[in-house]
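Observations on chain architecture
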Amino acid sequence: MAWEFRKTGPGENVAVEAQTDPFAAPKWAPPVWHMPEFLVLAVNVVRVLVRILVFLIRNIVPVSIASALAWLGHSFGWQLPAALVVLALLGLGAWAVLDRSSFVRYVGRPVRARWRLVRVYRRDWQPVLTTAGLSRTHKRREYLPSIVRVCCGPTCDRVLVRMLKGQAPDAWEKVAPNLAHGFGAQLVRVRQGTAYRWAWQDGAPVRRQVPKPGRIWLEFVRKDALAVPFPALPLLEASEVDLRGVVIGRQEDGSPWRLRLLGTHVLIAGATGAGKGSVIWSTVRALLPLVLAGLVEVWAVDPKRMELSFGRALFERYGRYSDDPTGGMVKLLEDAATDMNERAAEFAGVVRSFTPSHRHPFRVVIVDELAFLTAYCPERDLRKRAEAALAVLTSQGRSVGYCVIGAQQDARKEVNNLRNLFPDRIALRLDESEQVDMVLGDGARDRGALADQISPVPAIGAGVGFVRLETSPDPIRVRAAFVDDHDIRAMVALAVPDDSTPDAA
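Residues numbered from 1 in each chain as written. Predicted model: local features only at pLDDT ≥ 70, side-chain atom pairs only at ≥ 80, totals over all residues. Heavy atoms only, no water.

Here we take up the pairing of strand E12 (residues 296–301). In terms of residue burial, E12 counts as a mostly covered element, since five of its six residues are buried. In this sheet, strand E14 (residues 362–367) lies alongside E12 in parallel orientation, the contact comprising six bridges. Across the sheet, residue Trp299 finds its bridge partner in E14, namely Val365. Sheet topology note: the E12/strand E13 (residues 319–322) ladder contains four bridges and is parallel. Within E13, the residue paired with Val301 across the bridge is Ser322. (Buried < 20%, exposed > 50% of the residue type's maximum accessible area, 1.4 Å probe, protein only. Helix = DSSP H or I, 4+ residues; strand = E, 2+ residues; numbered from the N terminus. Pairing = 2+ DSSP bridges.)

Written out as structure tokens, the structure reads:
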């Protein structure tokens, strides 16, 4: 049996068992020096004081309140602090009844965030991260990423994390399922960390959110706020409709889903029954006040002759409509491209930012089945003409008041090689995981866009999807409102009251 000798003092050697092999050579270890007892005691006292100081700083508000109540109780008796506590509770209750939204914002959510920080995340932080392989051990010392802040919403928690030096967000994205199970969440998404910086704009300080290297946001989804479909949204006044963000549904955090139309194009991809019609008709419904005011026109191309035909009278009166597979649909796209070029020639050197007017309305070109015109049309000449017109509209139409909304089922490049010309994309339910990155861009599925896992049951998954915006690579989970046949007929009757067609009756 081999032994190693450690020095415990000058000139002292102690034999310590090091190996079980009796024929192994002795292993000499570096000297081990004994620390004086008073120095060990001093180090432990400093550690305790630092921990107490950190606790007081982290809990400055409750500690201050408790200290003030204790001092009042000691100086004037327990009746005074008890009365103050009762009055504070009554005031909070009245605040919650009279203005619940502000109470939830300034009291409810911060308190809940503090509770979940202590009760959920800090308590299980070390074992979950160690099991997931996100901690590192160096010289028998464990290093853990630290929690900076926790924010609570109606359906999800956002945890700001300071990563270890040398870590990247990819390491967290790979173990997102481990984190979800470890902290009892349905889903975890990894977002780029941000910080607030003050900047001067127009002579005034403005607080802006900028990327923060070394930090990430973890979004812990506690419950699915989009599991139940909701009816069509109410019609707004024309002055309340903003083309930079028309409300067509709801985001996962409960906030309105605002779809940008001015200055962009939108691609909608989803399998059969995924709810593409909900997105299209919710958009048309949101634009209806501006359509009636003459500031927006909707040009509809309907190869399937099923979805958009319900609003044919509306489109023909306030725009154009075609379902002619022999050339009418392609002619509509070519007319739109020709008008766009004429408008661009008129605006050249005069207008830099487009504003809708009665003379130059904002035109939305809706193509219900984009793949039919670019890949499935039996006539080769029509396919080339349609693809050329769409290329002109999507590459040049944003700045002169044109927006193309294309819907398709197949996300492959050979079916639609113009998809990169659509800055904003919506991925509804898809059949394969690879199609998610085809629609939303590389790495979208790793960042949480699980469009291939959306339920095929219409009552659960129809209209649910993920949005990738031009200004952000992170996908956002959304659901479009359900616009049924009765809602469409009511819209047509409102826009075309004298129409006598069965669809508008």
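Let us look at the pattern of salt bridges. Evaluation of the coordinates by the stated rule reveals 21 salt bridges. The salt bridge involving Glu219 is made with Arg189; its shortest N-O contact spans 4.0 Å. Here Glu219 is found in strand E8 (residues 204–221), whereas its partner Arg189 is found in strand E7 (residues 187–201), with 30 residues between them in sequence. No difference in accessibility class separates Glu219 from Arg189, as the two residues are buried. The partner of Glu252 in a salt bridge is Arg189, with the nearest N and O atoms 2.6 Å apart. Of this pair, Glu252 sits in the loop between strand E9 (246–251) and strand E10 (256–259) while Arg189 sits in strand E7, and the two are 63 residues apart along the sequence. (Salt bridge = Lys/Arg side-chain N within 4 Å of Asp/Glu carboxyl O.)

The next thing to look at is the side chain of Ser278. Positionally, Ser278 belongs in helix H7 (residues 276–292). Not counting residues up to four positions away in its chain, the partners in contact with Ser278 are Ala480, Ala481 and Phe482. (Contact = heavy atoms within 4.5 Å.)

This part is about the confidence of the model for the chain. Detailed conclusions should not be drawn from predicted coordinates in areas where pLDDT is low. With 90% of its residues at a pLDDT of 70 or more, the chain shows a mean pLDDT of 84. Note that residues 1–8 has pLDDT below 50 and, in this model, 41 contacts with residues that lie over four places away or in other chains. Here residues 499–505 is a poorly scored stretch, pLDDT under 50, and it has nine contacts once near neighbours within four places are set aside; other chains count. (pLDDT = per-residue confidence, 0-100.)

Evaluation of the coordinates by the stated rule reveals 11 aromatic pairs. Plain terms: the ring middles of Phe354 and Phe362 are 6.5 Å apart, the flat faces sit at 40° to each other, and that makes the pair tilted. Among the residues examined, Phe354 registers a relative accessible area of 8% and is labelled buried. Using a relative accessible area of 0% as the deciding quantity, one classes Phe362 as buried. Arg158 extends its terminal NZ or CZ atom over the ring of Trp217, reaching a point 4.2 Å from the ring centre. (Phe/Tyr/Trp six-rings, centres within 6.5 Å; stacked < 30°, edge-to-face > 60°. Lys NZ or Arg CZ within 6 Å of the ring centre and 35° of its normal.)

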